[in-house]
Structure formats: C-alpha cells, structure tokens
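An overview of the molecular structure
As a plain string of letters, each chain reads:
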Amino acid sequence: MADKLVLEIVTPQRTVLSEEVDIVVAPGDLGEFGVLVHHIPFLAKLKIGELRYRQGNNLTRVAVMGGYAEVLPDKVTVLAPAAEKATEIDVMRAKAAKERAERRLKEKKENIDFARAEAALQRAIVRLKLAEIQ
Ligand code: ATP
C-alpha cells in the first residue's frame, strides 16, 4: 500500500498543484482538519483560508478561496473557485483588493452587496497573511 497521499488543487482556470504529500491540513467550514494517508473517505466544504501540506521537512502554504475537498484513502482533491501557493501571491494586488473591499463596506449605500464585499475582504486578508509568512 502506498504510504503517500496525492494532493490535487484545481480551480476553473488551472491545476494549482498535484503532488505527493505526507499530510494535508485544510480550512474546513466546520474547522481545520488534517488528513494522513489511509483516511476514511469524506467530503468537506471549505472556507476561505490557509491550506498547508508537508513533504518531508518542507511545509507549503496555499491560499484557498473556499470550495470543496474530497478525501479518499490515497488522495485529497480540492475544487476551489481560486487558489494560489503563498509564493504566487501578488501582494500589491491583494492590498488593492483589500482597500477596495474596505471602502465598499464603509459606504452606507443601499446597493452595496455586503456579502460579496465581505468575501472579497476575507480573500485579500488571507492572501496578505500567507504572502507575509511564506
Ligand atoms: P481581485 O479583485 O484582485 O481580482 P479577487 O479576490 O476578486 O481579487 P479572485 O476572484 O479570488 O480574485 O481570483 C481571480 C483570479 O485571480 C484567480 O485565478 C486567482 O488565483 C487570481 N488572484 C486574485 N488575487 C490574486 C493575488 N493577489 N495574487 C495572485 N493571484 C491572484
């Protein structure tokens, strides 16, 4: 039996990564969860947050913008609207997105979609956090 787990993260635009890993920790909607090889199968909804995985002594962080994780004994597949490895994050873009979202949330206009602005703010905060600790 294989003792490694394959982690695949896919968005509508691209395959963000497909790697053999030792452990995955993902931002579940109900809380963070860890997966090792031979885990029982389950499906989880993800929230906007940090997914991390270890390969030997290497830890890699990925910003995941929600979506779903399918956990199988030898594979974790994440389908997300967007995801970037911490090293791929454009800090200036995330800062601009954060300022835009904060401005929208401060405007007390009736036609503001608060849920959308709140989600944009969350995405930017997670990107900035991961870019800073990479
Ligand atoms: P923006 O307003 O800057 O587009 P957003 O949060 O609305 O930010 P998303 O809809 O989450 O962006 O992502 C759209 C695409 O752009 C995805 O492919 C995502 O990976 C990429 N992307 C968004 N922001 C960044 C960033 N700061 N660095 C790298 N890639 C990014």
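Description of the structure in this document. Since we're looking at a predicted model, the values are computed, not measured.

Burial analysis of strand S3 (residues 23–28) places 5 of its 6 residues in the buried class, which makes it a mostly covered element. Pairing of S3 with strand S5 (residues 42–55) involves 4 bridges; the strand directions are antiparallel. What sits directly across from isoleucine 23, in S5, is arginine 54. Strand direction decides the pairing type here: S3 and strand S4 (residues 31–35), joined by 5 bridges, are antiparallel. Looking at S4, one finds that alanine 26 is bridged to phenylalanine 33. If you look at the hairpin formed by S3 and S4, you'll find 2 residues sitting between the two strands.

Assignment of secondary structure puts glutamate 50 in strand S5. Here the side chain of glutamate 50 touches arginine 52 through a polar contact of 3.0 Å, side chain to side chain. Within the local environment of glutamate 50, its side chain forms a polar contact with the side chain of arginine 61, the two groups lying 2.9 Å apart. Other than its neighbours up to four places away in sequence, glutamate 50 contacts Val25, Ala26, Pro27, Arg61, Val62, Val126, Lys129, Leu130 and Ile133.

Neighbouring the ligand are Gln13, Ala82, Ala83, Glu84, Glu88, Ile89, Asp90, Arg93, Ala94, Arg100, Arg123 and Arg127. Contact between the ligand and arginine 100: an oxygen atom at 2.6 Å from a side-chain N or O atom of the residue. Between the ligand and the protein, one listed contact pairs an oxygen atom with a side-chain N or O atom of arginine 127 at 2.8 Å. At a threshold of 2 Å from the grid points, most atoms of the ligand map onto the largest pocket. Those elements giving two or more residues to the shell around the ligand turn out to be strand S8 (83–85), helix H1 (91–106) and helix H2 (114–133). No other element matches the 3 residues that H1 contributes to the shell around the ligand. When the residues that make up the shell around the ligand are grouped by side-chain class, the tally is 4 nonpolar, 1 polar and 7 charged. The two domains that each donate at least three residues to the shell around the ligand are domain 1 (5–86) and domain 2 (89–133).

Reading guide: rules and limits
Residues numbered from 1 in each chain as written. Predicted model: local features only at pLDDT ≥ 70, side-chain atom pairs only at ≥ 80, totals over all residues. Heavy atoms only, no water. Buried < 20%, exposed > 50% of the residue type's maximum accessible area, 1.4 Å probe, protein only. Helix = DSSP H or I, 4+ residues; strand = E, 2+ residues; numbered from the N terminus. Pairing = 2+ DSSP bridges. Polar contact = N/O pair within 3.5 Å; in protein donor to acceptor, adjacent residues only side chain to side chain. Contact = heavy atoms within 4.5 Å. Near = heavy atom within 4 Å. 1 Å grid on protein atoms, 1.4 Å probe; cavity = no way out; pocket = protein on both sides within 12 Å on 5 of 7 lines; lining within 4 Å. Sits in = over half its atoms within 2 Å of the grid points. Nonpolar A, V, L, I, M, F, W, Y, C, P; charged D, E, K, R; others polar. Domains from an automatic or database assignment.

Just geometry here; none of it tells us what the structure is for.
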